[in-house]
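# Reading the structure
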Amino acid sequence: MLKNHISQNNPSLNKKFFGLTPENQEVFCYTLTNKQGMEVSVINYGATITSIKIPNANGIKTDVVLGFDKLESYIHSFNLPSAPYLGAVVGRYAGRINNASFILNGEKIQLTGNHNRHQIHGGSVGFSQKVWTVKNIPSEETQSIILEYLSVDNEENFPGELSVRVTYTLTDQDELKVEFSAKSTEDTIVNLTQHSYFNLNGHQENINHQKITINAYTMLETTEELIPTGKFISLKNHDYDFSTAKDCPAIIDNTFVLNDTKAATMYGEKSKIKMTVITNQPAVHVYVGGNCFGQIKGKEATEYHKTSGICFETQNFPDAPNHSHFPNTVLKKNEWYSHQTTFKFENL
């Protein structure tokens with residue numbers, strides 16, 4: 001198990017009760033604030049980012065991620081026809097795994113299927129629906145929060161007991177640093193990501209005409225079910241060539257092979273906010289969605305629709321365990337998984 005880092009600071013600092021799960025587990029909301037007045041709020045249900053508020057020169061704050069006001073809405077969202085995973089940590093394996101199976105050490109591992117016959121985002125009840133343990137809370141000394149989750153052996157049929165930690169740190173340079181680490185008692189596969197939906201003009205707006213860039217020459221070819229074939233598609237003269245700034249697409253659900261640690265940028269003309277995504281991961285999966293199908297209202301009674309937000313899911317390749325030429329996703333027994341992503345915000 002990961003070393004305990006319980007903070008000695010006042011436990012009520014920057015902490016508010018957010019609700020009870022059906023199993024009577026308490027969920028709290030913790031808020032990080034920097035010297036510029038930027039705020040990041042996180043709940044320990046799914047280690048979920050519920051809001052990121054960016055102040056402008058006049059102190060007016062724009063909330064640039066989609067989310068809900070109530071815990072019940074987060075819980076209910078996983079019963080929608082296509083769960084949006086708003087702001088959640090995704091694991092044990094982000095993305096799709098073909099036929100919900102793979103070979104590990106010569107043995108076939110049959111996972112739980114939750115996406116037709118495939119698995120997506122860790123299975124029926126992945127890390128996004130778990131109550132995480134808070135190990136460190138924000139203080140005057142550091143605007144950081146550490147959350148941990150212990151995934152038992154064979155959870156969703158993944159081998160090994162996996163100790164997972166995510167650390168969110170807000171710097172005075174308006175950077176949100178996301179750091180994942182994990183260790184397993186047996187060989188297993190791991191691919192974690194942060195699944196926030198961004199809208200730099202504000203979560204109530206439309207992402208149409210916000211500009212994005214992606215530093216990639218190729219993306220993964222997929223089947224009609226969005227399962228990687230193992231081949232790569234050149235982005236030269238492709239509609240999804242975002243090497244120069246283009247409008248956010250209305251539909252996208254693709255994995256881009258990164259050629260730079262600066263994975264992507266996004267810019268909102270209305271807010272004048274720019275976001276840069278920096279990562280040590282080999283890919284970013286870009287997805288436009290967040291639709292709540294008219295069943296759940298977002299924050300401030302917002303009706304989220306298909307172009308409410310865009311995800312930049314920094315991660316390894318989907319279905320990598322089934323393609324030997326993809327980057328390795330096997331985490332060996334007692335070795336460490338490490339993933340760092342930074343979301344840097346600027347007012348231009």
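Residues numbered from 1 in each chain as written. Predicted model: local features only at pLDDT ≥ 70, side-chain atom pairs only at ≥ 80, totals over all residues. Heavy atoms only, no water.

Looking now at the overall build of the chain. Helix and strand counts for the chain come out as 1 helix and 28 strands. In terms of C-alpha radius of gyration, the chain reaches 19 Å, essentially the compact-globule figure of 20 Å for 348 residues. By its C-alpha atoms, the chain is 60 × 50 × 35 Å across when sized along the principal axes. A separation threshold of at least 6 residues defines the contact pool for the chain, and within that pool the share at least 24 residues apart is 67%. (Helix = DSSP H or I, 4+ residues; strand = E, 2+ residues; numbered from the N terminus. Rg over C-alpha atoms; globule rule 2.2 N^0.38 Å. Contact = heavy atoms within 4.5 Å.)

The next thing to look at is unusual backbone geometry. Most peptide bonds take the trans form, and the phi angle of most residues other than glycine is negative. Following Gly91, the chain continues into Arg92 via a peptide bond in cis, with omega recorded as 10°. Examined against the element boundaries, Arg92 turns out to sit in the loop between β6 (89-90) and β7 (96-97). Positive phi outside glycine occurs at Asn116, with the angle close to 55°. Classification of Asn116 as exposed rests on a relative accessible area of 65%. (Buried < 20%, exposed > 50% of the residue type's maximum accessible area, 1.4 Å probe, protein only.)

Before going further, it helps to spend a moment on the side chain of Gln281. Topologically, Gln281 is positioned in the loop between β24 (273-279) and β25 (283-289). Here Gln281 falls in the buried class, since its relative accessible area comes to 10%. Of note is the side chain of Gln281, whose polar atom sits 3.0 Å from the side chain of Asn280. Excluding its chain neighbours within four sequence positions, the residues that come into contact with Gln281 are Leu258, Thr314, Gln315, Asn316, Tyr337, Ser338 and His339. (Polar contact = N/O pair within 3.5 Å; in protein donor to acceptor, adjacent residues only side chain to side chain.)

A word on the sheet that holds strand β17 (residues 197-198). Pairing in this open sheet of 6 strands is antiparallel, and the strands run β17-β26-β25-β22-β19-β20 from one edge to the other. Edge strands, defined here as strands with exactly one partner in the open sheet, are β17 and β20 (228-234). As paired strands, strand β22 (residues 253-258) and β25 are joined by 5 bridges and run antiparallel to one another. By the bridge assignment for β25, Asp253 is matched with Tyr287. (Pairing = 2+ DSSP bridges.)

A few words now on the nonpolar core. Grouped together as the largest cluster of nonpolar side chains are 60 residues, with contacts concentrated most on Ile52, Tyr168, Phe256, Met266, Phe312 and Phe345. Considering each element in turn, this core owes the most residues, 5 residues, to strand β13 (residues 162-170). In terms of nonpolar packing, the next biggest core, distinct from the first, is built from 22 residues, Phe18, Tyr74, Leu86 and Cys292 among them. (Core = buried A, V, L, I, M, F, W, Y, C linked by side-chain atoms within 4.5 Å.)

Turning our eyes to something else, we now look at the pattern of salt bridges. As enumerated under the stated definition, the model contains 12 salt bridges in all. Close ionic contact of Glu155 with Lys130 constitutes a salt bridge, the shortest N to O distance being 3.8 Å. Note that Glu155 is positioned in the loop between β12 (144-151) and β13 and Lys130 in the loop between β10 (119-120) and β11 (133-136), a separation of 25 residues in sequence. A relative accessible area of 14% places Glu155 in the buried class. What makes Lys130 buried here is its relative accessible area of 19%. One salt bridge in this structure joins Glu148 and Arg165, with 2.3 Å as the shortest N-O distance. (Salt bridge = Lys/Arg side-chain N within 4 Å of Asp/Glu carboxyl O.)

Here we take up the packing of aromatic side chains. Enumeration according to the criterion identifies 14 aromatic pairs in this entry. Chaining the aromatic ring pairs together yields one cluster made of Phe18, Phe68 and Tyr74. The lysine or arginine in question, Lys15, covers the ring of Phe28, its NZ or CZ lying 4.3 Å from the ring centre. The ring centre of Phe242 lies 5.7 Å from the NZ or CZ of Lys246, which sits over that ring. (Phe/Tyr/Trp six-rings, centres within 6.5 Å; stacked < 30°, edge-to-face > 60°. Lys NZ or Arg CZ within 6 Å of the ring centre and 35° of its normal.)

Here strand β8 (residues 101-104) pairs with strand β9 (residues 107-110) via 4 bridges, running antiparallel. Across the sheet, residue Leu104 finds its bridge partner in β9, namely Glu107. Counting the residues in the hairpin turn of β8 and β9 gives 2 residues, including Asn105, whose phi is positive at 55°.

Before going further, it helps to spend a moment on the sheet that holds strand β3 (residues 39-43). With antiparallel pairing, 5 strands are arranged side by side in an open sheet as β1-β2-β3-β4-β5. In the strand order of this sheet, the two ends are held by β1 (15-20) and β5 (61-63), each with one partner. Taken over all neighbouring pairs, the strand axes of this sheet differ in orientation by 20° on average, direction set aside. Pairing of β3 with strand β4 (residues 48-55), which is carried by 5 bridges, proceeds in the antiparallel orientation. Its bridge partner being in β4, Val40 is matched across the sheet by Ile52. (Axes fitted to C-alpha atoms, helices over the stretch in contact; angles between N-to-C directions.)

What follows is about the confidence of the model for the chain. In the predicted model, the chain carries a mean pLDDT of 95, and the fraction of residues at 70 or more is 96%. Taken as a whole, residues 1-11 scores under 50 in pLDDT and shows 24 contacts with residues more than four places along the chain or in a different chain. (pLDDT = per-residue confidence, 0-100.)

Take the side chain of Asn199 next. For Asn199, the position within the fold is in the loop between β17 and β18 (211-214). Engagement of the side chain of Asn199 in a polar contact is seen with the side chain of Gln210, the distance being 2.7 Å. Once residues within four sequence positions are removed from consideration, Asn199 is found in contact with Asp63, Val64, Leu66, Glu205, Asn206, Ile207, Gln210, Met266 and Ser308.

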